[in-house]
Amino acid sequence: MSDAPTFRRAPRPEAAAPAVPAAGVRLNKRLADMGLCSRREADEWIERGWVLVNGQVAAMGTKVGPQDRVTVDRRADAAQAERVTVLLHKPVGYVSGQAEDGHEPAAALFQARNHWREDPSRTRFASAQHKGLAPAGRLDIDSTGLLVLTQDGRIARQLIGEDSDVEKEYLVRVAYGDLVQNVQAAFPPAQLARLRHGLSLDGKPLRPARVDWQNPEQLRFILKEGKKRQIRRMCEAVGLKVTGLKRVRIGGVTLGHLPAGQWRYLGPNERF
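Everything in this summary refers to the structure shown in the same document. Predicted model only: the values in this text are computed from it and were never measured. (Residues numbered from 1 in each chain as written. Predicted model: local features only at pLDDT ≥ 70, side-chain atom pairs only at ≥ 80, totals over all residues. Heavy atoms only, no water.)

### A closer look at the overall build of the protein chain
For clarity, the cut-off: Going along the chain from the N terminus, every DSSP run of H or I of four or more residues is numbered as a helix, and every run of E of two or more is numbered as a strand. For every residue, the accessible area (1.4 Å probe, protein chains only) is compared with the maximum for its type, and the residue is labelled buried under 20%, exposed over 50%, or partly exposed between those bounds. Residue contacts are defined here by distance: any two heavy atoms, one from each residue, within 4.5 Å place the two residues in contact. Accessible surface area values rest on a Shrake-Rupley calculation with a 1.4 Å probe, where residue burial reflects the displayed protein chains alone. Positive: Lys, Arg. Negative: Asp, Glu. His and the chain ends are not part of the count. Charged side chains are reduced to one point each, which is NZ for Lys, CZ for Arg, CG for Asp and CD for Glu.
The helix and strand inventory of the protein chain stands at 8 helices and 17 strands. Reported as C-alpha extents along the three principal axes, the dimensions of the protein chain are approximately 75 × 45 × 35 Å. The buried share of the protein chain, reckoned over its 272 residues, is 45%. Look at the contacts in the protein chain between residues 6 or more apart in sequence, and 66% of them connect residues 24 or more apart. Entry remark: accessible area of the protein chain is about 14,900 Å², with carbon and sulfur atoms responsible for 48%. Averaged over its 43 positive side-chain charges, the protein chain has a centre that lies 2 Å from the centre of its 31 negative ones.

The following block contains the structure:
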């Protein structure tokens, strides 16, 4: 049997990527726009000689146009298949990213002892899975709920890329002035309408949101964006104070019964 590498044809540029200037775009951006990988991952593939342009091994920094034929070594598929995505129930007191002000990063909880016993995945924990594992989105230190950690650049791009359209769902306990019970009865419907659409943060209007009462003291927010401390700032703008915030869903993946401080692997049939 031949040991020569095999290649797969990338999606046709005219079907998968937007029109580009005559000067072309960088190859790593083309591969990312096609949904094959992230730009960082594309750079790794190019460096390893796994990407060809018009039959020639591409060099770092190569630019391509719509007419160029891009192919990718199937070894890239195997490398992607080994990358893991972790679903963590972040507790209050942990930061999403790197350690700051004495607070540990949520990734510190990705240890064998915190692996949820009821995880249906057959993936086994290995220390190498820490390499390149990064949060795909943020959840502030005072909030809890679903946080995604991934080695897969495609998932990171899907969740936090500029064109991301993935819903995030939150349960938000609120107070209205000194009122902490039956807040729904006292809160003006017109202000609820502003939460849904009409607010601005950092000088830019927010995208429409779905906001409804889950119970008399708790709101359900469904957003497609995630500015820093967005929900807390939205609530402050209409006179509400957030007393508890929990993210329960990202796209088609739910927090479910995953206990706080524990994690599980993203299943092979789960999609954001």
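That shown, we press on.
### Some points on helix 8 (residues 230-237)
Residue pairs spaced three or four apart in an α-helix point in one direction, given the helix's 3.6 residues per turn. Taken together, the buried positions of helix 8 are occupied by Gln230, Ile231, Arg232, Met234 and Cys235. Lining the buried residues of helix 8 we find strand 10 (168-176), helix 7 (189-196), strand 11 (200-201), strand 14 (218-223) and strand 15 (240-250). Gly239 lies just past helix 8 and shows a positive phi near 90°.

### As for the side chain of Ser121
What counts, and what does not: Side-chain atoms alone can form a polar contact between residues adjacent in sequence; in general such a contact is a pair of N or O atoms within 3.5 Å, and within protein one must be able to donate a hydrogen while the other accepts it.
Along the chain, Ser121 turns up in the loop between strand 7 (85-90) and strand 8 (134-135). A distance of 3.0 Å separates a polar atom in the side chain of Ser121 from the backbone nitrogen of Thr123.

### So, the pairing of strand 13 (residues 210-215)
Applicable threshold: Each pair of strands is called paired provided DSSP finds at least two bridges between the two strands.
Here strand 13 runs beside strand 14; their pairing, made up of 5 bridges, is antiparallel. Directly across from Asp212, in strand 14, lies its bridge partner Arg220. With antiparallel pairing between neighbouring strands as the criterion, strand 13 and strand 14 make up a hairpin whose turn holds 2 residues.

### Observations regarding the environment of Val53
Within the secondary structure, Val53 is located in strand 3 (residues 51-53). As a C-alpha pair, Val53 and Val238 span 185 residues in sequence and 54 Å in three-dimensional space.

### A look at the side chain of Asp152
Here Asp152 lies in the loop between strand 9 (144-150) and helix 5 (153-160). Those residues in contact with Asp152 that lie beyond four places of it in its chain are Glu41, Arg83, Val84 and Thr85.

### Brief notes about the packing of aromatic side chains
Applicable threshold: Geometry of aromatic contacts follows a simple scheme: Phe, Tyr and Trp rings, the Trp one being its six-membered ring, pair when their centres are within 6.5 Å, and the pair is stacked under 30 degrees between planes, edge-to-face over 60, tilted otherwise.
Overall, the coordinates contain 6 aromatic pairs when judged by the stated rule. Between Trp263 and Tyr265, the aromatic rings sit 5.0 Å apart at their centres with planes inclined by 80°, giving edge-to-face as the arrangement. Across the pair, exposure class does not vary: Trp263 and Tyr265 are buried alike. Here a set of aromatic residues connected by ring pairs shows up, and it is made of Phe110, Phe125, Trp263 and Tyr265.

### Quick look at the environment of Phe125
Take Phe125: it is sitting in the loop between strand 7 and strand 8. Residue classification places Phe125 among the partly exposed residues on the basis of a relative accessible area of 28%. Sequence-wise, Phe125 and Ala112 are 13 residues apart; in three dimensions their C-alpha atoms are separated by 6.5 Å.

### Here's the deal with the layout of surface pockets
For the record, the criterion: Within this scheme a cavity is a closed region of a 1 Å grid, computed over the protein atoms alone, that accommodates a 1.4 Å probe without allowing it to escape, whereas a pocket is open but has protein on both sides within 12 Å along at least five of seven lines; lining residues each have an atom within 4 Å of a point. Grid points are joined across faces, edges and corners, and a volume is the space filled by probe spheres set on the points. Under the scheme applied here, ten amino acids are nonpolar (Ala, Val, Leu, Ile, Met, Phe, Trp, Tyr, Cys and Pro), four are charged (Asp, Glu, Lys and Arg), and all others, including Gly, are polar.
Estimated volume of the largest pocket: approximately 810 Å³. Surrounding the largest pocket, 36 residues form its lining, Gly137, Arg138, Leu139, Gly226 and Lys227 being those nearest its centre. Contributing elements (two or more residues each) for the lining of the largest pocket: helix 5, strand 10, helix 8 and strand 15. Taken together, the residues that form the lining of the largest pocket break down as 12 nonpolar, 10 polar and 14 charged.

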